[in-house]
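Close look at the chain arrangement
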Amino acid sequence: MNPYTAYTYAYPHKTAYRPIQRTDNAPLPLTTVWANEPRDNLFLYIHIPFCEMRCGFCNLFTTANPAQSFTQRYLDALWRQAEVVRAALPDATIAQVAIGGGTPTYLDVDELARVLAIAEDIFAVDLATVPVSVETSPQTATPERLALLREHGVDRISIGVQSFVQIELNGIGRSQRNPIVERALNNMRGFPTRNIDLIYGNPHQTEASWLASLRHALAFAPEQLYLYPLYVRPLTGMDKMQQAWNDQRLSQYQCGRDFLLANGYRQQTMRHFERVDHVPQANAHYSCQEDGMIGLGCGARSYTRSLHYSSEYAVGRSSVRDILHDWVKRDFQHVDYGFVLDEDEQQRRYLLKSLLSAEGLDGEKFVARFGVDPAKQFPQLLELTDYIQRHGAHWRLTEKGLAWSDGVGPAFYSERVRELSAEFALS
Ligand SMILES: C[S@@+](CC[C@H](N)C(=O)[O-])C[C@H]1O[C@@H](n2cnc3c(N)ncnc32)[C@H](O)[C@@H]1O
Ligand code: SF4
């Protein structure tokens, strides 16, 4: 097993999405897609595909420094899309909100207020009463923007720091200086949940420099940390750098995890750590295994139980630009690109979302939901004994399994998803 096969943050990955073919070739209306879906407990995700820089390692759907006129066109289209989706789901109740990117705080205060108004005015969400998360970056986490977010009830703010060591930042193509990062982290005080993203496995990183970044981050006592192993994928600017760094990533994972566990954090997933005294604003009703996500914006995914859909996916600058320019002209009434989840794929998705987190897979809940024993459907649960162990009704990752989550997850992908993702021509 390769410990760094793929990060399973959503199954299936967008590289498995394709144009939706209907037998009658008629377009698929949004209203049909949502017709029989529960809509009393939905997640609203808004994607802002803009950044003030394009980092060498990043493969997210985003573009650096678009023309101001384009930002306005994008926000107009976003508003239009929100109205169309709301009209198709007039009775939808939103239980959780996230604004991500890219870098949502690339937008100025007035523009950000427009984005918040989509949730508040179009979807009638009282942001003070549901969990709301927003992503930011060191350069754009200004007091004005953060004050606006906090006033509107945003309770979680997440910043990409990646590293506090200059040579490491240069090595991954991230232009950033520590005084700017520290100013941003100070500006974030006052949010109930502050998250810092850091990256390990950087070719310029040693165990000592990794620990130095972790210590630097902990000086701000963040409620959460995400430790990401570096991935280098095609078209992210570092593709040619061929290094066998699995061992480095595994040992830096161990070092980072041990350090955080010894310093008052508990581990939720391979990447996610939470300060032990921190109680996140929980949504008592929303379960991450229950699908139901409305994605707004170019690059956002939407999930019903049996269909995941989005706009097209790319990473390269000109392909992202083409997709964005096409997207702002759309009428948003139909769904034309995505992935249909049959019963088998729904089971895989449920299993992956549970198994890769600390709670593990509750076999009884799986049986109650799907009417089948997970171990009968997925013999890998019994075979991968180094990585997965049974505790009563629960299947949980072992310590090694947690470290190798990016290998264990893909072991449960279907053949179809593997083939589609392997065939996907990333542009
Ligand atoms: C939307 S960004 C964070 C917010 C903001 N745009 C910033 O960079 O400051 C999401 C996070 O994913 C992680 N990430 C993205 N691409 C990665 C890669 N190739 N390898 C490891 N981590 C990656 C980074 O830690 C990054 O902070
Ligand atoms: S890491 Fe953040 S700032 Fe850099 S390109 Fe990706 S989304 Fe933008």
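Residues numbered from 1 in each chain as written. Chains lettered and ligands numbered in written order. Predicted model: local features only at pLDDT ≥ 70, side-chain atom pairs only at ≥ 80, totals over all residues.

**Here we look at the overall build of the chain**
In terms of regular secondary structure, the chain is built from 16 helices and 20 strands. For the chain, the C-alpha radius of gyration of 21 Å lies close to 22 Å, the compact-globule estimate for 427 residues. Residue burial in the chain is summarised as follows: out of 427 residues, 41% are buried. (Helix = DSSP H or I, 4+ residues; strand = E, 2+ residues; numbered from the N terminus. Rg over C-alpha atoms; globule rule 2.2 N^0.38 Å. Buried ≥ 20, exposed ≤ 12 C-beta atoms within 10 Å, placed from the backbone.)

**With respect to the packing of helix H7 (residues 207-218) against helix H8 (residues 246-262)**
Remark: H7 packs on H8, axes separated minimally by 10 Å, with the N-to-C direction vectors making an angle of 35°. Considering how the two elements wind past one another, H7 and H8 form a crossing that is right-handed. The residues of H8 that touch H7, namely those facing Glu207, Trp210, Leu211 and Leu214, are Gln252, Cys255, Gly256 and Phe259. Considering only residue class, the contact of H7 with H8 consists of 5 nonpolar, 2 polar and 1 charged. (Axes fitted to C-alpha atoms, helices over the stretch in contact; angles between N-to-C directions. Left-handed = near helix turned anticlockwise from the far one by under 90°. Contact = placed C-beta atoms within 7 Å. Nonpolar A, V, L, I, M, F, W, Y, C, P; charged D, E, K, R; others polar.)

**As for the domain arrangement of the chain**
What the domain assignment lists for the chain is domain 1 (14-275) and domain 2 (352-418). For domain 1 versus domain 2, the separation of C-alpha centres amounts to 27 Å. Domain 1 puts 8 residues into the contact, and the matching count from domain 2 is 7 residues. It is H8 that contributes the most residues to the side of domain 1 that touches domain 2, 3 residues altogether. Across the side of domain 1 that touches domain 2, the residue classes break down as 4 nonpolar, 4 polar and no charged. (Domains from an automatic or database assignment.)

**What to know about unusual backbone geometry**
A cis geometry characterises the amide bond from Tyr11 onward to Pro12, with omega recorded as -5°. Position of Pro12 relative to the elements: it lies in the segment before strand E1 (18-19). Positive phi, close to 45°, is recorded for Asn65, a residue that is not glycine. Mapped onto the elements, Asn65 comes out in the loop between strand E5 (63-64) and helix H2 (68-88). One non-glycine residue, Ala124, lies in positive phi territory at about 55°. Within the fold, Ala124 resides in the loop between helix H3 (109-122) and strand E7 (132-136). A residue is classified by how many C-beta atoms lie within 10 Å of it, and Ala124, with 11 of them, is exposed.

**Some remarks on the sheet that holds strand E19 (residues 388-391)**
Taken in spatial order, the 3 strands make up an open sheet running E18-E20-E19, and their pairing is antiparallel. Of all strands in the sheet, those with a lone pairing partner are strand E18 (361-362) and E19, marking the two edges. Sheet topology places E19 next to strand E20 (residues 394-397); 4 bridges connect them, and they run antiparallel. Following the sheet pairing, Arg390 is matched in E20 by Trp395. (Pairing = 2+ DSSP bridges.)

**Concerning the site of ligand 1**
Taken together, 18 residues surround ligand 1, and among them Ser137, Gly160, Asp197, Tyr228 and Tyr231 come closest. Within the residue set of the shell around ligand 1, elements represented by two or more residues are strand E6 (94-101), strand E8 (156-162) and strand E9 (193-200). At 3 residues, the largest contribution of residues to the shell around ligand 1 is made by E8. (Near = placed C-beta within 6 Å.)

**Points about helix H4 (residues 143-151)**
Given 3.6 residues to a turn, an α-helix orients residues that are three or four positions apart in the same direction. Every buried residue of H4 is listed here: Arg145, Leu146 and Leu149. Angularly, the buried residues of H4 cover 95° about the axis, an arc narrow enough to put them on a single face. Set apart from the buried face of H4 by more than 90 degrees, the exposed residues are Pro143, Glu144 and Glu151. (Arc of directions from axis to C-beta.)

**Points about the site of ligand 2**
Taken together, the residues surrounding ligand 2 are Cys51, Met53, Arg54, Cys55, Cys58, Leu60, Thr62, Gly101, Gly102, Thr103, Ser137 and Gly160. Of the residues belonging to the shell around ligand 2, the class tally is 5 nonpolar, 6 polar and 1 charged.

**Notes on the environment of Pro49**
Residue position: Pro49 is located in the loop between strand E3 (42-48) and strand E4 (50-51). In the structure, Pro49 is positioned 159 residues away from Ala208 in sequence and 35 Å away in space, judged by C-alpha atoms.

**Details of the nonpolar core**
Ranked by size, the top nonpolar core spans 100 residues in total, and within it Leu44, Ile46 and Ile94 carry the most contacts. Lining this core are residues from two domains, each supplying at least three of them: domain 1 (14-275) and domain 2 (352-418). Those residues in contact with Ile94 that lie beyond four places of it in its chain are Leu42, Leu44, Ala119, Phe123, Val125 and Val130. (Core = buried A, V, L, I, M, F, W, Y, C linked by C-beta atoms within 7 Å.)

**A closer look at helix H9 (residues 317-327)**
Along H9, the residues classified as buried are Val320, Leu324 and Trp327. The arc that holds every buried residue of H9, seen down its axis, measures 60°, which confines them to one face. Of the exposed residues in H9, the ones pointing more than 90 degrees away from its buried face are Ser318 and Asp326. The inward-facing, buried residues of H9 abut E5 and H2.

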